Amino acid sequence: MKHYDVAIIGGGVIGCAVARELSRWQLSAVVLEKEPDVATGNSSRNTGMLHAGFTYKPGSLKAECAVEGNQEFDRVAAELHIPFRRTGKLVVGFTEHDRENILKFKAIGEKNGVKGLRMIDREEMNRIDPNAGGEFAMYAPSSGILDPMQYTIALAENACRNGAQFLLEHRVTAIHREGESYVIETDKEEVAARWVINCAGAYAADISAMLGYPRYYQRGFKGEYYVLDKKAGVQLSIPVYPAPNDKGGFMTHATPTIDGNVLVGPDSYITEGREDYANRREQLAGLVRDGGKMFKQMRAEYFIRNFAGIRWKNCNPETGEVLDFIVESKRECPNTVNLVGIESPGITCALPLARRAVKLLLEGEKAQGREVKANNRFDPVRPRAKRFYEMTIEEKTAAIEANPDYGQIVCRCENVTRAEILEAIHNPLGVHTLTGVKNRTRAMMGRCQGGYCQTRITEMIEQELKVTPEEICYQKADGYVFTGKVRDCE
Amino acid sequence: MRNADVVIVGGGPAGLAAAVRLYDLGITDIVILEREHQPGGILKQCIHDGFGLTRFKETLSGPEYAKRFVDEAQKRGIPCITDTTVIDVSADKVVTAAHADGMIVIQAKAVILTMGCRERTRGAISIPGTRPAGVMTAGVAQAYINLQNRMIGKEVVILGSGDIGMIMARRMTLEGAHVQAVFEVLPTPSGLPRNIEQCLNDYGIPLYLSHTVTDIRGEGRLTGITVAAVDERMQPIPGTEKDYDCDTLILSVGLIPENELTIGAGAELDPKTKGAFVDEFCQTTVPGIFAAGNVLHVHDLVDFVSMEAESLAEGAAEYIKNGSLPKAGIAIACGENVGHTIPQRISGEKSFHLSLRVRKVMKECTLTVSQGEHVLLTRKMKKALPAEMINLNIDAKKLKGTDDLEVKVV
């Protein structure tokens, strides 16, 4: 049984951020993730919005961490080499009632320390983006867009480079205390750790109960999305959100993605299924209807894909009131940090929350007389080669000269080269799935959805990783792509 | 930057045919750029027969059909640079491509776009449900089975009665899979009658018209789907849902001309064909940029793809010599029951080839090409199917003046 200082349960954006922040210290850490890759749950099933922080209750962790996370993100994106753009955001209204609700949130935002919020009229909206719907808007200059999968992967790779380990396809099934350590049972081997940090996202309430904390009451607010073609992406430059409803919820919005697509969604409805990520016919119809109000070019010819995510919110079991994030470390549950109900704006808050979790851990260590030293070899920078499609023609020429694989385009829609696919197949986390390559390179993410390149990529995975056809999987460990060979003649 | 008279984007049946005919017309400074390792386009994976009946009066497999053109191009020494992906075509005809030896930039006098088409995906038609492995387009299934020797599943359902879907129903059956059924959302089949006979009926595979997939289940791998009958607006009829257990769902739900480079070059697209607007020379709205084959409009037979590409050679050669072609000022309107036409505009100075598709199945009907009150051509037809292209030759001498034309089928 392997022994670590810290076991982090969950390889979503929170688990990976905690692993990265922990790797600043001389502590051995392991991330236990049930799926074959990081960011397969709700960390990848959201809008990819860096929130400004104008909708959250003043004084709440959500408000505090969102503002903190927003303000520092230019530096974070530069360190991790992830694409990020401060687009600003329009919260648009049609009626006087909308205006009242928007003004309410403007006041909250100002209380939370969000800078630059101002009301603008249709004329100014036209200057910002004529395809944005609505009659008037609140303009929030500090909002931004990023790729939440790239961000989570970057955090994980940076943590990995600084010494954290990742055990993928390890589902935690039970936790018990033996002496001064926890023994964590998984569907593979057991792992021992002095500390356990719960970052289990959709399953955080279950892990919380395993650790001796309450099984917090949560409700799943599911939302579905359309992904639109880049041909729609060139027609939208700024996220467009509708006025919040009376409860402060935002319904279907339209957001440009950092890679040039448009996301339309999410809607919001309650689900019981922990991983109920299926799209429903009637919800998709609703997105088409409501999305058209936010983005005037919401057209069927632009549809590429759908997905869904679930915000598991801590709620008051009596009143249903939505509660704040929980970050706690209680004496009754020694050497644990419990993060529960981390939903939107979880991407924005990931590093601020991770710092708070690490702080609780360090305080606990100190109380037990342990002095944790800083990891002097910690490097916050996660290098990443420029993408072929981002290069100028001179850069492309130089890249091909240095490595001819840059001259072989595998994914036609997104212009992803063989060099980039190979790099993704040999990623530092050891992810071997088809979607692992997809989320790292954008191959298969374009308008043909892998019609051209998927067959080439599975062939490369087989050759590079020396696996049999049956061993290739799409996203999940049991998501096999092939039943075998057609004829046994190779 | 190098120069060439003609750059052809795509070495499939259209690109190769255009190259050979251009060469024979005296335009020999040609470069074909092909993204795959071998020329031949999608035909490489179409190992069934039935190709060439119109063009060669004999039945060939896809690779055999392609080889005829590959051989002709090679005989003439026309360079085909493979493993080369064109990433940009500019309006002034500079073609930029990526290759392992470096970026290729060519200033052409004329550019011929023959990129073919891609398949519509699950996302494009918004099929609800989960997103497991085992859902793929017919072309991907075909590449895996025919080119890579990889078997993709055992219990199969097919959505869409496109030709490739039906051909894959037969192919999967022959390789030991169980194909449960083919479902088609339209009230009429999308593919050719001969494929319904030879690929479905001969193997006892049922075809259900006016049905669609309303749910997809499974987490890792596909475990099942739900199918429902649809009404005349193609909406599922409540109460008609039926579940099918399967590990594979193959989609054959339409083809879309692959026109990203065309758009980049500034050519206007016809929303009806999703390909470029062209004149009778297959010239797009950007002078000197031509398009033919499935990139222009989706064809039923590859024979017509090659013939269309061959037909553009004369105009392209004239353009290369003179730097211009007669202005196409006469529009061709789609009248009753006509889905689209190619070309959409003509100069009126030349006899031309007209191809079109009807919108619905029709029996004992008459096709009329008219110019105002003046009728240029009528053709009586026993039947007309949306799945089959209608091809006509129109004599320029029959045109009267420069009024627009209209084509209708009633």
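Everything that follows concerns the structure shown earlier in this document.
So, how was this worked out
- Residues numbered from 1 in each chain as written.
- Chains lettered and ligands numbered in written order.
- Predicted model: local features only at pLDDT ≥ 70, side-chain atom pairs only at ≥ 80, totals over all residues.
- Heavy atoms only, no water.
- Helix = DSSP H or I, 4+ residues; strand = E, 2+ residues; numbered from the N terminus.
- Rg over C-alpha atoms; globule rule 2.2 N^0.38 Å.
- Buried < 20%, exposed > 50% of the residue type's maximum accessible area, 1.4 Å probe, protein only.
- Contact = heavy atoms within 4.5 Å.
- Areas by Shrake-Rupley, 256 points an atom, 1.4 Å probe, with all protein chains shown as cover.
- Lys, Arg positive; Asp, Glu negative; His and termini not counted.
- Charge placed at Lys NZ, Arg CZ, Asp CG, Glu CD.
- Polar contact = N/O pair within 3.5 Å; in protein donor to acceptor, adjacent residues only side chain to side chain.
- Pairing = 2+ DSSP bridges.
- Axes fitted to C-alpha atoms, helices over the stretch in contact; angles between N-to-C directions.

Novice: Even after reading the chapter, I still don't get the overall build of chain A, so can you show me in this structure?
Specialist: Within chain A, the secondary structure is distributed over 13 helices and 23 strands. Its C-alpha radius of gyration of 23 Å places chain A within 12% of the 23 Å reference for a compact globule of 490 residues. Projected onto the principal axes, the alpha-carbon positions of chain A cover approximately 65 × 60 × 45 Å. Expressed as a percentage of its 490 residues, the buried residues of chain A come to 62%. Nonlocal contacts in chain A, meaning residues at least 24 apart in sequence, comprise 71% of its contacts between residues at least 6 apart. When the accessible surface of chain A is split by element, carbon and sulfur atoms take 50% of a total near 18,900 Å². Here chain A contributes 65 positive and 66 negative side-chain charges, whose respective centroids are spaced 3 Å apart.

Novice: Explanation requested: the environment of Tyr-241 of chain A in the structure shown.
Specialist: Residues and elements named next belong to chain A. Looking at the secondary structure, you find Tyr-241 in strand β14 (residues 240–242). Contacts of Tyr-241, omitting those with residues within four sequence positions, involve Thr-47, Met-49, His-51, Lys-89, Leu-90, Val-91, Val-92, Phe-250, His-253, Thr-255 and Met-294. Looking at Tyr-241, its side chain comes within polar contact range of the side chain of His-253, at 3.3 Å.

Novice: For this particular structure, what's the right way to read the sheet that holds strand β12 (residues 155–159) of chain B?
Specialist: By way of backbone hydrogen bonds, the strands of a sheet pair with one another, either parallel or antiparallel. Residue and element names in this part refer to chain B. The 5 strands lie next to each other as β10-β18-β12-β13-β14, forming an open sheet whose pairing is parallel. Edge strands, defined here as strands with exactly one partner in the open sheet, are β10 (135–137) and β14 (207–208). Across 2 bridges, strand β13 (residues 178–183) lies against β14 in parallel orientation. Within β14, the residue paired with Phe-183 across the bridge is Tyr-208. The strands touched by helix α3 (residues 138–147) are β10 and β18 (248–251); relative to β10, the strand with the most contacts, the crossing angle is about 90°.

Novice: What is the right way to read the environment of His-48 of chain B from this model?
Specialist: Residues and elements named next belong to chain B. In this structure, His-48 sits in the loop between β2 (30–33) and β3 (49–51). Judged by relative accessible area, which is 15%, His-48 ranks as buried. Sequence-wise, His-48 and Gly-62 are 14 residues apart; in three dimensions their C-alpha atoms are separated by 6.7 Å.

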